[in-house]
Amino acid sequence: MKSILKPSHQCIIAKEKDTLKATINQLETRDIEAMPVVEDNIFKGMISKQDIYKAYFQSGQTRDEFLSATLVGDIASHGDLYIDEQAVFENTLTTFKGYPILAVVGPEKQFLGIVTRFDMIEQFESAFGMKKPGVRIAFTSEESTGRLSRLADIIKQNHANVISVTTFDETDKLARRIVLKVEKNDNIDKLSTKLEKSGFRVLDIKEV
């Protein structure tokens, strides 16, 4: 998580007593959709363009009256839109709740910085090896002790350079799907044949 954390001193934040006029100006000037609301270095919630527009249409006030008289603290929401500094990145993607950013906090909700949805998606792309060309081999394996060790032996024997390995079906099913991406070489057919002979069922081989 620390590798994609934008630290607090680099973040654009709003305070609870900021007017919405100043806040919407910040959002538009910086070309961002949302900001964390931080008071005395404590994370309080989020404020976004969508929050401001929604509150304005419900206010019954003129645009200028609403933006000048309403404070960030009056409409800030999503005080639970944060993750702990020790969180692992694969557990965070579903936490965004439609917001483009997520606060990272320490003890007592001390504001440490933000991570963006864009950076999180890039992390997943890296985990799947999407930015490096190679050969994608999808196959299934029975759930039994030593299967991944056997897979590692097969990869080593066939001199395959691994780009990524991803497993699916983390359930009580008897078979697990595995997607292996390796650098393209002349041993792909031999690798596939060896997988089949070792009890792995190859589903698809594709150059990507």
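Structure shown above.
Residues numbered from 1 in each chain as written. Predicted model: local features only at pLDDT ≥ 70, side-chain atom pairs only at ≥ 80, totals over all residues. Heavy atoms only, no water.

A. Quick peek at the pattern of salt bridges. Inspection of the entire model under this criterion finds five salt bridges. The salt bridge partner of Lys131 is Glu122, with a shortest N-O separation of 2.9 Å. The partly exposed category is assigned to Glu122, whose relative accessible area is 27%. (Salt bridge = Lys/Arg side-chain N within 4 Å of Asp/Glu carboxyl O. Buried < 20%, exposed > 50% of the residue type's maximum accessible area, 1.4 Å probe, protein only.)

B. Seen up close, the side chain of Asp51. Secondary-structure assignment places Asp51 in helix H2 (residues 49–59). One buried charge, Asp51, has no salt-bridge partner; the nearest side chain with opposite charge is Lys54, at 6.9 Å. (Helix = DSSP H or I, 4+ residues; strand = E, 2+ residues; numbered from the N terminus. Lys, Arg positive; Asp, Glu negative; His and termini not counted.)

C. Structural detail: the nonpolar core. If you look at the biggest cluster of nonpolar residues, it comprises 18 residues, and the most contacted ones within it are Phe43, Met46, Phe111 and Val115. Elements represented by at least two residues in this core include exactly strand S2 (34–39), strand S3 (42–48), strand S5 (101–105) and strand S6 (111–116). In terms of residue count, S5 provides more of this core than any other element does, five residues in total. In terms of nonpolar packing, the next biggest core, distinct from the first, is built from 15 residues, Val135, Ile154, Ala160 and Leu195 among them. (Core = buried A, V, L, I, M, F, W, Y, C linked by side-chain atoms within 4.5 Å.)

D. Quick look at the environment of Cys11. The residue Cys11 is located in the loop between strand S1 (6–7) and helix H1 (20–30) in this model. Apart from the residues lying within four places of it in its own chain, the contact partners of Cys11 are Lys6, Phe111, Gly113 and Ile114. (Contact = heavy atoms within 4.5 Å.)

E. Region of interest: the sheet that holds strand S8 (residues 162–167). Taken in spatial order, the four strands make up an open sheet running S8-S9-S7-S10, and their pairing is antiparallel. Where the open sheet ends on each side, the last strands, each with one partner, are S8 and strand S10 (201–207). Neighbour-to-neighbour, the strand axes of the sheet open up by a mean angle of 15°, direction not taken into account. One ladder, built from eight bridges, connects strand S7 (residues 135–142) with strand S9 (residues 175–182); its direction is antiparallel. Pairing of Glu142 across the sheet is with Ala175, part of S9. (Pairing = 2+ DSSP bridges. Axes fitted to C-alpha atoms, helices over the stretch in contact; angles between N-to-C directions.)

F. Spatial organisation of the packing of aromatic side chains. One pass over the full model with this rule turns up four aromatic pairs. Pairing Phe43 with Tyr82 gives two aromatic rings, centres 6.0 Å apart and planes at 65°, and the pair type is edge-to-face. With a gap of 39 residues between them, Phe43 in strand S3 and Tyr82 in strand S4 (residues 82–84) connect regions that are remote in the sequence. Looking at Tyr82, the relative accessible area reads 30%, which means it is partly exposed. (Phe/Tyr/Trp six-rings, centres within 6.5 Å; stacked < 30°, edge-to-face > 60°.)

G. Representation of the sheet that holds S1 in the model. Here four strands make up an open sheet; going across it, the order is S1-S6-S5-S4 and the pairing mixed. Each edge of the sheet is formed by a strand with only one pairing partner; in this case those strands are S1 and S4.

H. Seen up close, H2. Looking only at H2, the buried set comprises Lys49, Asp51, Ile52 and Ala55. An end-on view of H2 places all buried positions within 160° of arc, on one side of the element. Residues of H2 that are exposed and angled more than 90 degrees away from the buried face: Gln50, Lys54, Phe57 and Gln58. In the core, the buried residues of H2 are packed alongside H1, S3, helix H3 (63–69) and helix H4 (72–75). Gly60 lies just past H2 and shows a positive phi near 75°. (Arc of directions from axis to C-beta.)

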